[in-house]
Each structure stands twice: as C-alpha cells, then as structure tokens.
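# Remarks on the overall topology
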Amino acid sequence: MQRLKTRLRPAARLLPALLLISAGCDIAMADFSEQATAEWRQTYELAPGGRIEISNVSGKIQVSPGEGNAVEVYAKRIGKASSPDGAKAALERAQVVDRSEGGVIKIETKLEGSGVVIGHSQTQVEYVVRVPSSAELKVTTVNGGVELTGLTGRVIAEATNGAIRASDMGGPLEASTTNGGVEVDLAKVSDGGVKLECTNGGIKLKVPRDAKATISARISNGGIAADGLDIENRGESNRRRLNGDLNGGGPRIELQGTNGGIAISAR
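This write-up is about the structure you can find in this document. (Residues numbered from 1 in each chain as written. Predicted model: local features only at pLDDT ≥ 70, side-chain atom pairs only at ≥ 80, totals over all residues. Heavy atoms only, no water.)

Summed over all chains, the structure comprises ten salt bridges. Put simply, Asp-168 and Arg-267 hold a salt bridge, and the shortest N to O gap is 3.5 Å. Placement of the pair is Asp-168 in strand β12 (residues 164–169) and Arg-267 in the segment after β22 (262–266), with a sequence separation of 99 residues. Note that Arg-267 is salt-bridged to Asp-185, the shortest N-O span being 2.7 Å. (Salt bridge = Lys/Arg side-chain N within 4 Å of Asp/Glu carboxyl O. Helix = DSSP H or I, 4+ residues; strand = E, 2+ residues; numbered from the N terminus.)

Let's shift gears to the environment of Arg-77. Inspection of the secondary structure puts Arg-77 in strand β4 (residues 70–81). Note on Arg-77: relative accessible area 12%, which makes it buried. For the pair Arg-77 and Arg-93, spaced 16 residues apart in sequence, the C-alpha separation works out to 9.6 Å. Arg-77 has contacts with Ala-36, Thr-37, Ala-38, Leu-91, Glu-92, Ala-94, Gln-95, Val-96, Gln-124 and Val-125, leaving out every residue within four places of it along the chain. (Buried < 20%, exposed > 50% of the residue type's maximum accessible area, 1.4 Å probe, protein only. Contact = heavy atoms within 4.5 Å.)

Taken residue by residue, helix α2 (residues 84–92) has Ala-87, Ala-90 and Leu-91 as its buried positions. An end-on view of α2 places all buried positions within 100° of arc, on one side of the element. In α2, the exposed positions angled more than 90 degrees off the buried face are occupied by Asp-85 and Lys-88. (Arc of directions from axis to C-beta.)

Another aspect to go through is the sheet that holds strand β17 (residues 213–221). Strand order across the open sheet formed by eleven strands is β5-β6-β2-β9-β11-β13-β15-β21-β17-β20-β19, with mixed pairing between neighbours. The strands lining the two open edges of the sheet, one partner per strand, are β5 (94–98) and β19 (231–233). Each strand of the sheet is rotated relative to its neighbour by a mean of 10°, with strand direction disregarded. Pairing analysis gives six bridges linking strand β15 (residues 194–200) to strand β21 (residues 252–259), with the strands arranged parallel. Along β21, the bridge assignment pairs Glu-197 with Gln-256. (Pairing = 2+ DSSP bridges. Axes fitted to C-alpha atoms, helices over the stretch in contact; angles between N-to-C directions.)

Structure representation (structure tokens):
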C-alpha cells in the first residue's frame, strides 16, 4: 500500500501544472473573430508645473510631443469575442476615467472583472497621447508596453508584461518592466540621470558618443557589452558588473537587470 502512494505522488504534483497549461491553451485558442470599438478623446491645457499620469490595464501607451501646452489624449477601447454581443459586452467592461485635479492630468483605465481575458472574450484600451515635450510624465500599464518619443521632461514609465521603448529622449528618465525588455535612445544625458530596470528581456541603451556620464550596470544572468564608447573603469568591473566614467563622468546612469543582458552603445 505504501508503495502505491509513492507512485501516485509525482502524478499529483503534475496535475496543477497540467491544469495551468490547459487553461493557457483555452485562452490561446479562444475565438476572438468579432470586435467592438469605441473612442475617447479629450484635450487639456497643462498648467505651469503640472504633470500628466496615464494608467492602463491592458493595451499599449504611446506618447510623443504635441503643440504648445496642450495635452491630447486619445483612447481606443476594444472588445473581442466570438459573437457581436460578446464583443460589445467585453467593450463595456473597460472604461476610461478622468481623475484630473489641481495641476495633475490623470487618466485611468477601469476594467471590470479579474483579468483582461474573461471566458471567451478579451478587453483592452490603447492610448495615443501628445504632450508638451518638457512636461513631467508618468505612464504605467500591466499588459501592452510603452512607446515614448522626443520627450525632454522627467519621465517615469512602468510595465509588467510588455516592452518599454523610448527614442530621442532628452530628460531624466526612469523605466522598468518585468517581462519584455527596455530599449532607450538618448538624444542627451540629462542632469537628472537615467535609471533602467528589467527582470526578463534585457536592456539596450544608446547614448551620444560625446556624452558625459557615470555608469553603474548590474546583470544577474547574461552579460554586459559597452561598444564604441570611451568608458574608464572605476572599481569592480567584470562581465556582469560595470562601474565607469563615460568621457570623464557626469550624470548618473543606473542599469539593473536579471535575465537578458545589458548592451550600451553610441547612437
């Protein structure tokens, strides 16, 4: 009898994993052939010293410079399912909420239910935002990723499942993601510095060849490559740690990763 129990234990351990795999397959094979959409638009005037916050649940966020002090927010709600009625029901689960007050323009996605996929339906919101290039900005999303272009103000970007890509950036920047990677191209290294973090996916950073910065990079699994740049090592440096001064040193650049590697190069 004891021998029989011993044989059954491995199968018992496998059951939860098999159930998870089965659930994943159901989601992957779900029929999302029908789609319903709705648009939300709003334009604001950013007060001096004001900031912008965009918080999403499922869907990407794109931000680029606009005209003057105007902040233009466009949100596209999307519901997908196997039937038109199901797609409309999925669409209604996502709402765009304006929580602006004082000098803060704050837009949030509110999603009913426990997740972005419920049964055989899917709900997401995609944001396209235009802001004054020097505005202070914070954007967060759980599933979908972030794309930033041409901003010179202080920016904080956070994602859980999705890449963060930022190009032609000129202000203080903090970017972090769990899954998806971080890719940043700096037009200049701001006095406020740069901090990039990624758990799975790696970090790629491009800086002007003549930029001045003090670099601290750490990676747990992978390696660090710094190509085409004049970096003088300071203290401990090896394939997983880099401490150095770029062109004599300057504002601080901190890079922290777990899996995927770190690449630093000239733009």
